[in-house]
Amino acid sequence: MKKLPTVLIITLLGAVVLSCTINSEITFPTARSIRLDPADSSVVTLNYNSTICLNNNFFISFKNVASDSRCPIDVMCFWAGDAEIVLKLQNGFNEKFISLHSYLFPQEVVFENYSIRLLSVNPLPKSGVEIKKYQYQIKLMIRNTLGRNIRPVIIMEPSDSWLLKKDALEVNNISFTNNLLYFETKYSGGCNEHTIELFARKENTQSSPPQIVLTLSHDARGDNCKAIISRKVVFDLMPLQKYFAITCNYGGKIKIVIVGPDGKTINGQPIDFDLQSL
């Protein structure tokens, strides 16, 4: 049997290694995977140098901490400081490296029909303590922007109440149509895009009928302009059906209390709502 020339063997091995490398870059076989339907959103946590896969084809990797000037939690500072993290976004061969900031801008980017917003960078710094890169962990809010005019209510842990933004928001009317909850709102601004979210806190649902509090969050993004903006926002209540089905195997009538960003109840008496209508 003839032996292959050494140069040819090396070339073939190199081709195999290159092929595996390219393939692993595309498929990320060890990446955590989640499904996000149009208009759905999810809060995810990424450790340093880890990857999450969305809908089997879109990958977000936490690649670097470019800078971290955040004020140590045991020191009084004139400003909060800022952490800049680097993400790699990839859909097939289309990839992009982007930077997001904890305090400065941008804090959010839209790429390939996904909105990605940096919510937090951990651990918090302490004076005299160096944070190794492998210790960093970030929390992202990811939204599938297809059908973005309808946002899902976000089920949150009680410990995540810091996600609620409390900029002033006037609610003039609330209405229901099947699984959709409509708010007619007003706020001052006009210079930045405002984000209005609706959160449902995981709570004890043992009352009869179960009651849940929905809290509006309004992030003005530092907008100090004074134009009066009228805006209708729509939320999909389907996540409530899944939540009650999973936590207490329940699918009947519930009472909904709606609270504004200021912590005050908007709708007066709790609203009766039938999960079977979803």
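Heads up: the structure comes first, above all this text.
Before going into details, it helps to say that this report is about the structure given with it. (Residues numbered from 1 in each chain as written. Predicted model: local features only at pLDDT ≥ 70, side-chain atom pairs only at ≥ 80, totals over all residues. Heavy atoms only, no water.)

## Topic: the overall build of the chain
Short version of the rule: Segments assigned H or I by DSSP are reported as helices when at least four residues long, segments assigned E as strands when at least two residues long, and all are numbered from the N terminus. In this analysis, two residues are considered to be in contact whenever any of their non-hydrogen atoms come within 4.5 Å of each other. Surface accessibility in these figures is a Shrake-Rupley result with a 1.4 Å probe; residues are shielded only by whichever protein chains are displayed.
A tally of helices and strands in the chain yields two helices and 18 strands. Restricting the contact set of the chain to residue pairs at least 6 apart, pairs at least 24 apart contribute 60%. Entry remark: accessible area of the chain is about 15600 Å², with carbon and sulfur atoms responsible for 53%.

## Observations concerning the nonpolar core
So the rule is basically this: Grouping buried Ala, Val, Leu, Ile, Met, Phe, Trp, Tyr and Cys residues that are joined through side-chain atoms within 4.5 Å yields what is termed a nonpolar core. Partly exposed residues are those whose accessible area sits between 20% and 50% of the maximum for their type, while under 20% is buried and over 50% is exposed, using a 1.4 Å probe and protein chains only.
In this structure, I60, L87, I116 and L140 are the most contacted members of the largest nonpolar core, which totals 26 residues. Counting only elements with at least two residues in this core, the list comes to β2 (41–47), β3 (51–54), β4 (58–68), β5 (83–91), β6 (94–101), β7 (108–111), β8 (114–122) and β9 (137–144). In this structure, I116 is in contact with F58, I60, L87, L89, L100, Q107, E108, V109, L140, M141 and I142, ignoring residues within four places of it in sequence. F183, L240, Y243 and F244 belong to the second largest nonpolar core, which has 24 residues in total.

## A closer look at the state of the cysteines
As a reminder of what qualifies: Criterion for a disulfide: a pair of cysteine sulfur atoms within 2.5 Å.
Overall, the coordinates contain two disulfides when judged by the stated rule. At a sulfur-sulfur separation of 1.9 Å, the disulfide partner of C71 is C77. One disulfide, between C71 and C77, carries an S-S torsion of 80° and so falls in the right-handed class. On the basis of relative accessibility, which here comes to 37%, the residue C77 falls in the partly exposed class. For C191, the disulfide goes to C225, at an S-S distance of 1.7 Å.

## Some thoughts on the pairing of strand β12 (residues 170–177)
Consecutive residues of a regular strand have side chains that alternate between opposite faces of the sheet. Which entries qualify depends on this criterion: Strands were regarded as paired on the criterion that DSSP finds at least two bridges between them.
The pairing of β12 with strand β13 (residues 180–189) spans seven bridges and is classified as antiparallel. Along β13, the bridge assignment pairs F176 with L181. Here β12 hands over to β13 after two residues, with N178 in that stretch at a positive phi of 55°.

## Notes on the sheet that holds strand β15 (residues 211–219)
Here is the rule we go by: For helices, the fitted line uses only the C-alpha atoms of the stretch in contact; every axis is such a line through C-alpha atoms, and the angle between N-to-C directions lies from 0 to 180 degrees.
The five strands lie next to each other as β11-β14-β15-β17-β18, forming an open sheet whose pairing is mixed. Each having just a single partner strand, β11 (154–156) and β18 (271–274) make up the two edges of the open sheet. Taking the axes of each pair of neighbouring strands and ignoring which way they run, one obtains an average angle of 40° across the sheet. In this sheet, β18 lies alongside strand β17 (residues 253–259) in antiparallel orientation, the contact comprising four bridges.

## Quick look at the sheet that holds β9
The antiparallel open sheet is built from four strands, whose spatial order is β2-β9-β8-β7. If you trace the sheet from one side to the other, it starts and ends with β2 and β7, each paired once. When the angles between neighbouring strand axes are averaged without regard to direction, this sheet yields 25°. Strand direction decides the pairing type here: β7 and β8, joined by four bridges, are antiparallel. Paired with V109 across the bridge in β8 is I116.

## Re unusual backbone geometry
Looking along the chain, the bond that leaves N122 and enters P123 is cis, with omega of 0°. Looking at the secondary structure, you find P123 in the loop between β8 and β9. A positive phi is found at N56, a non-glycine position, where the angle reads about 70°. Note that N56 resides in the loop between β3 and β4.

## A closer look at the packing of aromatic side chains
Test applied: Whether two aromatic rings pair depends on their centres lying within 6.5 Å, for rings of Phe, Tyr and Trp, where Trp uses its six-membered ring; planes under 30 degrees apart make the pair stacked, over 60 edge-to-face, and the rest tilted.
In total, this model carries six aromatic pairs according to the counting rule given. Residues F58 and Y114 carry aromatic rings whose centres are separated by 4.6 Å and whose planes lie at 25° to one another, so their mutual orientation is stacked. Of this pair, F58 sits in strand β4 while Y114 sits in strand β8, placing them 56 residues apart in sequence. When sorted by exposure, F58 lands in the same class as Y114, which is buried. Measuring from ring centre to ring centre gives 5.8 Å for F183 and F235, while their planes differ by 75°; the resulting arrangement is edge-to-face. With F183 in strand β13 and F235 in strand β16 (residues 227–236), the pair connects residues that are 52 residues apart, well separated along the chain. By relative accessible area, which is 0% here, F235 ends up buried.

## Looking at the side chain of S41
By secondary structure assignment, the location of S41 is in strand β2. Apart from the residues lying within four places of it in its own chain, the contact partners of S41 are L36, M141, I142, R143, P152 and I154.

## Let's talk about a nonpolar patch on the surface
This is how the line gets drawn: Patches were defined on residues exceeding 30% relative accessible area and lacking a salt bridge, with like-charge contacts within 9 Å and nonpolar side-chain contacts (Val, Leu, Ile, Met, Phe, Trp, Tyr) within 5 Å. Salt bridges are counted wherever a side-chain nitrogen of Lys or Arg sits within 4 Å of a carboxyl oxygen of Asp or Glu.
A contiguous nonpolar surface patch, about 530 Å² in accessible area, is contributed by F78, W79, Y103 and L104. Given the relative accessible area of 37%, L104 is considered partly exposed.

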